[in-house]
Amino acid sequence: SDSHDTTLTLADSYPPTHIFGASGVSVFMDELSEPDPEGAGSLDGSGEEAGTVDFDYYPAGQMGTPRDLVSLNRSGVVDISPASAAYLSDQLPLSSVSDLPGFVDDSCVGADALFDMMSPGGILYEEEYAPRGLRPLWVSVLPSYEILTVDRQIDRPEDLRGLNIRTSGGALDATLDELGASAVSMPAADAYEALSRKTVDGVAFPFISVLPYKLQEVLRHSTTGLNIGAFAIPYVISEDSWQELSPATQERIETAGRHAQESLCTAVNDETPAAIETIEQSGVSFNSPHGRGKTRFDEKLEPVRQQWAENMDSIGKPGTEVLQDYEDSIARHERAAK
Amino acid sequence: MIVIVISALLLALILIRVPIPFAILGAAGVGLLWIGGLGNLVGIFEVIPMSAVGSNSLAAIPLFIFMAHLVLKSGVLASLFTSASTIIGRVRGGTGIAAVLAGAGFAAVSGSSTAAAATLAHTSTDTMLKQGYSRRLASGTVASAGTLAAMIPPSILLVFYAITAETSVGKTLLAGVLPGLLMGFGLALTVWVMGLRGHAPATEATHWTAKLKALSGLLPVLVLFVIVVGTVFLGIATATEAAALGCLGGFLLMVWTKTVNRSNLRSALVGTVSSSAMILAIVFAAHVFGVFLTETRVTPTVVDFVQGLSIAPMLVVIIFAFVYLVLGFFMDQMAIIALTVPVTLPVIEALGFDPIWFGVIVILLAEVGLITPPLGLNAFVVARAANIRVETVFLGSVPFIIAMLIVTALVFAFPELALLLTVTAN
Amino acid sequence: MIPLNDDVPTEGPAPRPRAHRRPVRTSITAIKNASVVLAAIAIVAMALIMLAESIMRYAFSAPLGWNVSAVERILMPMSVFLALPWLYVTAGHVSAEIIYDRLPARWRMTARVVGHILLLVIAAALAYSGLVTVVDSFDLGDAPPPGSSEVPMPTWIWQLSQPVGTAALFVVALLDTPRAIGEDQALVEDADSEESVLAAEGSDAAGSDPLHEPITTDRDDSSRPRGDR
Ligand code: NA
Ligand code: NA
């Protein structure tokens with residue numbers, strides 16, 4: 001049998017030690033660089049065996065910014081890269097549905113729900129990824145964004161008035177705007193300096209993302225239980241590269257992508273409590289808005305999703321439909337998880 | 001292998017006078033074709049040039065250049081040298097020292113060594129020659145005083161280094177303050193020592209009221225410097241915002257000196273576009289070259305190689321320093337940073353050194369090349385402006401080169417000189 | 001050219017530029033002037049926007065939000081790519097004259113031809129690549145959605161800088177070909193002056209030409225020898 005060994009170029013903007021690298025990319029690459037354990041290809045009658053896949057791996061933004069990487073993927077320079085709606089709002093506006101407030105606390109539920117919509121037949125795939133020649137292989141969701149601040153504990157939306165809060169961009173900007181804060185977009189790597197210089201007053205971050213940037217050293221307060229948004233990052237292969245692969249190799253890659261997604265969401269879920277503990281130990285006080293404060297937050301956050309859908313509808317994109325699909329998909333996967 | 005061939009091609013293109021950005025793009029283009037074919041080349045041309053210049057931090061470069069042009073048009077720099085002479089008063093080698101002081105003043109509002117050298121040559125060389133300075137000493141003083149502009153903020157080279165090295169632009173600019181002042185002191189001391197040996201006469205004493213009046217002439221430049229550097233130091237503004245503030249300051253100076261008119265504004269803008277577009281064209285070309293280097297994986301290879309060597313980390317820095325000194329003799333300072341830092345910096349960081357400190361060293365050394373043969377641009381500019389043979393300028397620069405190397409050695413030995421302000425900054 | 005061995009390093013009589021025919025000259029001048037004006041507008045706009053942002057943030061605690069995307073995506077690319085034709089016409093060569101000047105005439109000719117073709121090829125490649133992204137973004141309808149903090153402008157519009165600037169550069173350089181590969185190396189504008197030295201000196205050109213009268217944008221027609229060849 002003729003075994004086809006393939007080489008794919010994978011570029012992202014995270015160091016290999018980052019959770020997206022350690023629990024996602026490396027799981028994916030390791031599985032594919034091993035010979036196919038089941039020899040699946042040789043048995044399926046195609047006469048072709050799925051060979052191993054080798055990778056040219058360019059982590060840590062070596063090939064460019066997150067936006068560059070998607071463009072480089074589409075223009076054929078790399079084969080696989082992340083493509084997150086958070087920094088591609090002009091290209092993947094509907095996919096930012098994942099970043100709206102209050103959807104999920106469980107990374108696995110969020111990832112599975114989103115991946116259905118990003119797979120062939122799913123509305124996000126058909127509306128946004130397929131027209132751009134991109135095919136998601138796995139997706140990671142960092143759920144439960146909270147507001148972490150330097151000077152002021154946040155108990156009600158009114159406490160946010162006049163504060164500059166760093167975000168990663170996308171739908172979260174509109175959410176913070178609704179809450180009365182000013183969203184400031186900047187790379188996460190700049191957040192430490194911006195916080196210590198008080199150029200920004202706080203950040204909107206999932207707990208798990210605080211530690212890699214050592215933000216716990218400069219932060220003093222944090223909300224819990226608000227879940228003002230999330231961050232979703234699909235790793236996508238370009239359709240051109242995909243079509244050059246043998247069906248057997250495609251199947252291996254799909255399987256490896258599923259495994260990467262599982263491993264990644266499990267890691268996110270497992271590491272979050274430890275992250276919270278570390279943050280607390282470095283002197284950050286947690287506050288879960290309750291009573292009147294909580295009600296005020298709910299009043300503010302409630303219309304954000306609807307507003308998002310209306311904005312999308314107004315430019316002729318199926319916002320309402322996408323929102324409904326995501327809610328349904330989450331409900332389905334939550335039932336399955338129980 | 002491929003890196004060596006492409007670097008040779010780059011050098012050849014520069015030697016046959018292809019403009020630097022196009023020489024870099026041409027060499028990188030051949031390399032990208034070699035590695036990944038036409039798709040690789042076009043794909044990277046689609047993405048990288050736009051993205052490379054699309055940076056908020058990089059916007060500090062055109063804005064600092066604009067600020068310098070506005071200040072220049074306001075005319076407040078014209079009296080820098082005479083004011084400095086008055087303030088210095090009776091000192092051996094006073095006129096040369098005044099030229100250095102004027103160079104520092106120019107440096108405080110301009111990021112360009114060569115422009116500084118050209119201006120100083122016009123205003124101060126004649127005076128020195130009349131007082132019996134040798135052509136060598138007069139021109140050497142002026143050519144080297146110009147290099148202060150690349151170290152004392154604002155400095156285009158430091159901004160560019162910061163962006164290439166992904167260090168904070170504001171902190172990197174602050175790191176230039178003390179080495180820049182030390183360098184100014186070193187150059188002034190050199191003139192004084194030459195004066196002791198009878199090469200530079202003492203100047204006349206001046207009355208303190210005259211000194212005070214002269215000081216007020218320097219005030220606008222000082223105020224602007226304090227605003228720009230102070231806002232960065234206090235963390236009130238990013239480097240880009242400080243540069244925009246500097247533009248406002250420059251414009252207000254023009255209003256103050258009643259020099260706001262169509263012709264001045266147009267001239268300032270045209271000069272800004274020319275300088276900034278050339279620099280940014282080198283920036284995006286260098287980014288394309290950087291992607292080529294990434295695809296060759298030369299950087300991790302070099303890092304592994306150097307880490308595998310059993311030599312002292314400090315020796316590695318010394319070897320790099322020597323390479324930068326030599327490169328400075330032959331290459332544009334901007335291009336040196338763009339083409340080498342992506343490879344050398346990861347090594348330096350892997351060895352545990354501070355990237356901002358390294359940047360200060362690199363720029364101090366690259367600047368030496370501005371006053372050495374064969375391509376010392378400052379020397380050529382001074383030669384032309386002051387009507388002196390360029391060999392004379394090169395010879396006259398020798399004592400100052402020694403001073404610059406001593407200052408570099410000091411910054412090398414005491415990294416605090418570069419890092420103190422970056423640590424104390426808010 | 002920077003003389004290394006001349007006793008008196010001032011410029012001699014500038015070599016007479018090889019004049020272009022009138023329509024060619026007019027076209028080059030028009031593109032060049034449009035180039036510098038648009039780039040200058042971009043730089044002034046950046047200064048004003050950054051100032052406005054600082055003021056809004058500190059005085060009113062209400063940052064603009066869209067300033068970063070305006071500077072990064074629209075104004076910076078404008079200030080560089082649209083300035084390329086201007087740069088081509090006005091900037092001199094400074095690097096490594098010493099080697100070039102020592103080459104035999106035939107080699108110098110070859111070097112000029114190779115250099116000029118390379119410049120044309122690269123300009124064309126940049127223009128083509130830029131056009132591909134513009135067409136692509138246009139076809140897909142990429143634009144920031146309502147409620148985004150980005151400047152509400154279709155993506156393809158801000159992507160125009162690269163193809164427009166480099167295509168204009170290509171046209172200017174193509175029109176300039178007879179002069180560019182000719183023996184006399186006079187620039188279209190100034191034959192030889194610090195102005196070209198300073199403008200071309202990439203690393204350090206800030207605050208250039210303190211020595212010179214403004215490079216006015218309407219001077220060239222009068223300063224360049226008229227008459228066709
Ligand atoms: Na691809
Ligand atoms: Na300076």
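No experiment lies behind these values; they were computed from the predicted model shown. (Residues numbered from 1 in each chain as written. Chains lettered and ligands numbered in written order. Predicted model: local features only at pLDDT ≥ 70, side-chain atom pairs only at ≥ 80, totals over all residues. Heavy atoms only, no water.)

Caption draft 1: Representation of the overall build of chain B. Regarding its fold elements, chain B presents 20 helices and 0 strands. For 426 residues, the compact-globule formula gives about 22 Å, and the C-alpha radius of gyration of chain B, at 22 Å, lands near that figure. By principal-axis analysis of the C-alpha atoms, chain B measures approximately 70 × 50 × 45 Å. Across the 426 residues in chain B, those meeting the buried criterion constitute 65%. Taking all contacts inside chain B whose residues are at least 6 apart in sequence as the whole, residues at least 24 apart take part in 80%. Only carbon and sulfur atoms are counted for the fraction: they give 71% of the accessible area of chain B, which is about 14,100 Å². Side-chain charges of chain B comprise 17 positive and 13 negative groups, with the mean position of each set lying 21 Å from the other. (Helix = DSSP H or I, 4+ residues; strand = E, 2+ residues; numbered from the N terminus. Rg over C-alpha atoms; globule rule 2.2 N^0.38 Å. Buried < 20%, exposed > 50% of the residue type's maximum accessible area, 1.4 Å probe, protein only. Contact = heavy atoms within 4.5 Å. Areas by Shrake-Rupley, 256 points an atom, 1.4 Å probe, with all protein chains shown as cover. Lys, Arg positive; Asp, Glu negative; His and termini not counted. Charge placed at Lys NZ, Arg CZ, Asp CG, Glu CD.)

Caption draft 2: The overall build of chain C, seen in detail. In terms of regular secondary structure, chain C is built from 10 helices and 0 strands. Out of the 229 residues belonging to chain C, those deemed buried represent 55%. Sequence-distant contacts in chain C: of pairs separated by 6 or more residues, those separated by 24 or more amount to 77%. Surface summary for chain C: the accessible area is close to 9,300 Å², and the carbon and sulfur share equals 66%.

Caption draft 3: The arrangement of the UniProt feature "transmembrane region" (unreviewed entry) in chain C in detail. The feature "transmembrane region" (unreviewed entry), as annotated in UniProt, sits at residues 35-60, 80-101, 113-135 and 155-175 of chain C in this numbering. Structurally, residues 155-175 of chain C comprises 90% helix and 0% strand, and the distance from its first C-alpha atom to its last is 31 Å. (UniProt positions renumbered as here; feature names shortened; annotations may be inferred.)

Caption draft 4: Structural view of the coordination of the sodium ion (ligand 2). All names here are of chain B. Taken together, the protein donors to the sodium ion (ligand 2) comprise Ala107 (O), Ser110 (O), Ala149 (O), Ile152 (O) and Pro154 (O), at separations of 2.3 to 2.5 Å. In primary-sequence terms, the residues that donate to the sodium ion (ligand 2) follow A-x2-S-x38-A-x2-I-x1-P. One end of the pair, alanine 107, is in helix H5 (residues 94-107); the other, alanine 149, is in the loop between helix H7 (135-146) and helix H8 (156-165), with 42 residues separating them in the sequence. What makes alanine 107 buried here is its relative accessible area of 0%. Given a relative accessible area of 0%, alanine 149 falls into the buried group. (Donors = N, O, S within 2.8 Å, 3.2 Å for Na, K, Ca; no water.)

Caption draft 5: Quick peek at the pairing of strand E6 (residues 164-167) of chain A. All names here are of chain A. Going residue by residue along E6, you find Asn164 and Arg166 tucked away on one face and Ile165 and Thr167 tucked away on the opposite face as well. Here 4 bridges tie E6 to strand E7 (residues 182-185), and the two strands are oriented parallel to one another. If you follow isoleucine 165 over to E7, its bridge partner there is alanine 183. Between E6 and its parallel partner E7, the chain crosses via helix H6 (residues 171-179), and the hand of that crossover is right-handed. One ladder, built from 2 bridges, connects E6 with strand E8 (residues 202-205); its direction is parallel. Paired with isoleucine 165 across the strands is glycine 202, a residue of E8. (Pairing = 2+ DSSP bridges. Right-handed = clockwise from strand over helix to strand, strands pointing away.)

Caption draft 6: How the structure looks around the state of the cysteines. Residues and elements named next belong to chain A. Under the counting rule described, the total for this entry stands at 1 disulfide over all chains. For cysteine 108, the disulfide goes to cysteine 265, at an S-S distance of 2.0 Å. Classification of the bridge connecting cysteine 108 and cysteine 265 rests on its S-S torsion, roughly 90 degrees, and on that basis the disulfide is right-handed. In this pair, cysteine 108 is assigned in helix H4 (residues 107-118) and cysteine 265 in helix H10 (residues 247-281), connecting sequence segments 157 residues apart. Relative accessible area serves as the criterion here: at 5%, cysteine 265 is assigned to the buried category. (Disulfide = S-S within 2.5 Å.)

Caption draft 7: Looking closely at the environment of aspartate 298 of chain A. The topology assignment puts aspartate 298 of chain A in helix H11 (residues 291-314). You can call aspartate 298 of chain A partly exposed: its relative accessible area is 35%.

Caption draft 8: Structural context of the sheet that holds strand E11 (residues 285-287) of chain A. Residues and elements named next belong to chain A. Read from one edge to the other, the open sheet built from 6 strands follows the order E7-E6-E8-E5-E9-E11, with strand pairing classed as mixed. If you trace the sheet from one side to the other, it starts and ends with E7 and E11, each paired once. Direction aside, neighbouring strands of the sheet carry axes that sit 30 degrees apart on average. (Axes fitted to C-alpha atoms, helices over the stretch in contact; angles between N-to-C directions.)

Caption draft 9: Summary view of the coordination of the sodium ion (ligand 1). Residue and element names in this part refer to chain A. Ligation of the sodium ion (ligand 1) by protein atoms is provided by Asn73 (O), Asn73 (OD1), Val78 (O) and Ser238 (OG), these donors lying 2.2 to 2.6 Å from the ion. Each donor residue of the sodium ion (ligand 1) belongs to the same chain, with the gaps between them written as N-x4-V-x159-S. One exposure class covers both asparagine 73 and valine 78, and it is buried.

Caption draft 10: Summary view of the nonpolar core. Core analysis: the largest hydrophobic core is formed by 221 residues, its most contacted members being Met63 of chain A together with Phe64, Leu77, Phe284, Phe289, Trp357 and Phe358 of chain B. At 19 residues, helix H13 (residues 262-296) of chain B tops the list of elements feeding residues into this core. Beyond its immediate sequence surroundings of up to four residues, phenylalanine 358 of chain B is in contact with Tyr161, Phe320, Tyr324, Thr344, Leu345 and Ile348 of chain B. Counting 83 residues, the second largest nonpolar core, distinct from the first, contains Leu92, Val141, Ile208 and Leu245 of chain A. (Core = buried A, V, L, I, M, F, W, Y, C linked by side-chain atoms within 4.5 Å.)

Caption draft 11: Inspection of the packing of aromatic side chains at higher detail. Inspection of the entire model under this criterion finds 15 aromatic pairs over all chains. The interplanar angle of 70 degrees and the centroid separation of 4.7 Å between the aromatic rings of phenylalanine 103 of chain A and tyrosine 326 of chain A together place this pair among those described as edge-to-face. Within this pair, whereas phenylalanine 103 of chain A is found in the loop between strand E3 (80-82) and H4, its partner tyrosine 326 of chain A is found in helix H12 (residues 319-337), the two being separated by 223 residues in sequence. Neither phenylalanine 103 of chain A nor tyrosine 326 of chain A differs from the other in exposure class; each is buried. Here tyrosine 324 of chain B and phenylalanine 358 of chain B contribute two aromatic rings whose centre-to-centre distance is 6.1 Å and whose plane-to-plane angle is 75 degrees, an arrangement assigned as edge-to-face. With tyrosine 324 of chain B in helix H15 (residues 313-330) and phenylalanine 358 of chain B in helix H17 (residues 355-368), this residue pair connects regions lying 34 residues apart in the sequence. Chaining the aromatic ring pairs together yields one cluster made of Phe28, Phe55, Trp138 and Tyr235 of chain A. Over the ring of phenylalanine 103 of chain A we find arginine 305 of chain A, and its NZ or CZ is 3.8 Å from the ring centre. Lying over the aromatic face of tyrosine 58 of chain A, arginine 297 of chain B brings its terminal NZ or CZ to 4.2 Å of the ring centre. (Phe/Tyr/Trp six-rings, centres within 6.5 Å; stacked < 30°, edge-to-face > 60°. Lys NZ or Arg CZ within 6 Å of the ring centre and 35° of its normal.)

Caption draft 12: Layout of helix H19 (residues 390-413) of chain B. Here H19 of chain B is 24 residues long and its end C-alpha atoms lie 33 Å apart, about the 34 Å a rise of 1.5 Å per residue gives. Along H19 of chain B, the sharpest change in direction is near 40 degrees and occurs at valine 398 of chain B; proline proline 399 of chain B comes one to four residues later. (Expected span 1.5 Å × (residues − 1). Bend = angle between axes of the 7 residues up to and from the residue.)

Caption draft 13: Representation of the interface of chain A and chain C within the structure. Each side of the interface is counted separately: chain A has 19 residues, and chain C has 17 residues. Summing both sides of the interface, chain A and chain C together bury roughly 1,400 Å²; the carbon and sulfur share of this comes to 45%. On the chain A side of the contact with chain C, Arg67, Ser89 and Asp90 of chain A bury the most area, a combined 30% of that side's loss. Put simply, chain A and chain C have 2 salt bridges between them. In this structure, the salt-bridge partner of arginine 74 of chain A is aspartate 136 of chain C, at a minimum N-O distance of 2.5 Å. On inspection of chain A and its partner chain C, the count reaches 6 residue pairs in polar contact (both at pLDDT 80 or more). When contributions to the side of chain A that touches chain C are tallied by element, the ones reaching two or more residues are helix H3 (66-74), H6, E7 and H11 of chain A. (Buried area = accessible area lost by both parts, 1.4 Å probe. Salt bridge = Lys/Arg side-chain N within 4 Å of Asp/Glu carboxyl O. Polar contact = N/O pair within 3.5 Å; in protein donor to acceptor, adjacent residues only side chain to side chain.)

Caption draft 14: Up close: the pattern of salt bridges. Applying the stated criterion across every chain, the model contains 17 salt bridges over all chains. Residue arginine 57 of chain C is joined to glutamate 241 of chain B by a salt bridge in which the shortest nitrogen-to-oxygen separation is 2.4 Å. With arginine 57 of chain C in helix H1 (residues 22-60) and glutamate 241 of chain B in helix H12 (residues 239-256), the pair connects residues from two separate chains. According to the relative accessible area criterion, arginine 57 of chain C is buried, its value standing at 10%.

Caption draft 15: Just a nonpolar patch on the surface, in detail. All names here are of chain B. A grouping of Phe305, Leu309, Ile311, Met314, Leu315, Ile318, Ile319 and Val323 is seen on the molecular surface, where their side chains present a nonpolar patch of about 660 Å² in accessible area. The leading source of residues in the nonpolar patch is H15, at 5 residues. Residue position: phenylalanine 305 is located in helix H14 (residues 298-308). (Patch = residues over 30% accessible without salt bridge, like charges linked within 9 Å, V, L, I, M, F, W, Y side chains within 5 Å.)

Caption draft 16: Inspection of helix H3 (residues 60-74) of chain B at higher detail. Residue and element names in this part refer to chain B. Here H3 spans 21 Å end to end across 15 residues, near enough to the 21 Å set by a 1.5 Å rise per residue. Along H3, 15 of the 15 residues are buried, which leaves the element largely enclosed by surrounding structure. Two residues or fewer after H3 comes glycine 75, characterised by a positive phi angle close to 85 degrees.

Caption draft 17: Fine view of the side chain of histidine 116 of chain C. Secondary-structure assignment places histidine 116 of chain C in helix H5 (residues 105-140). Those residues in contact with histidine 116 of chain C that sit more than four places away from it in its chain are Tyr88, Ala173, Thr177, Ala180 and Ile181 of chain C.

Caption draft 18: Inspection of unusual backbone geometry at higher detail. Residues and elements named next belong to chain B. Put simply, proline 153 and proline 154 share a cis peptide bond, and its omega is 0 degrees. As for its position among the elements, proline 154 is in the loop between H7 and H8. Geometrically, the link from proline 373 to proline 374 is a cis peptide bond, its omega value of 0 degrees lying close to zero. Secondary-structure assignment places proline 374 in the loop between H17 and helix H18 (377-386). Backbone geometry at glutamate 166 places phi at a positive 55 degrees, although glycine is not the residue there. Relative to the helices and strands, glutamate 166 resides in the loop between H8 and helix H9 (169-175). We classify glutamate 166 as exposed; its relative accessible area is 74%. One non-glycine residue, asparagine 387, adopts positive backbone phi at about 60 degrees. As for its placement among the helices and strands, asparagine 387 is situated in the loop between H18 and H19. Asparagine 387 gets classed as partly exposed once you look at its relative accessible area, which sits at 41%.

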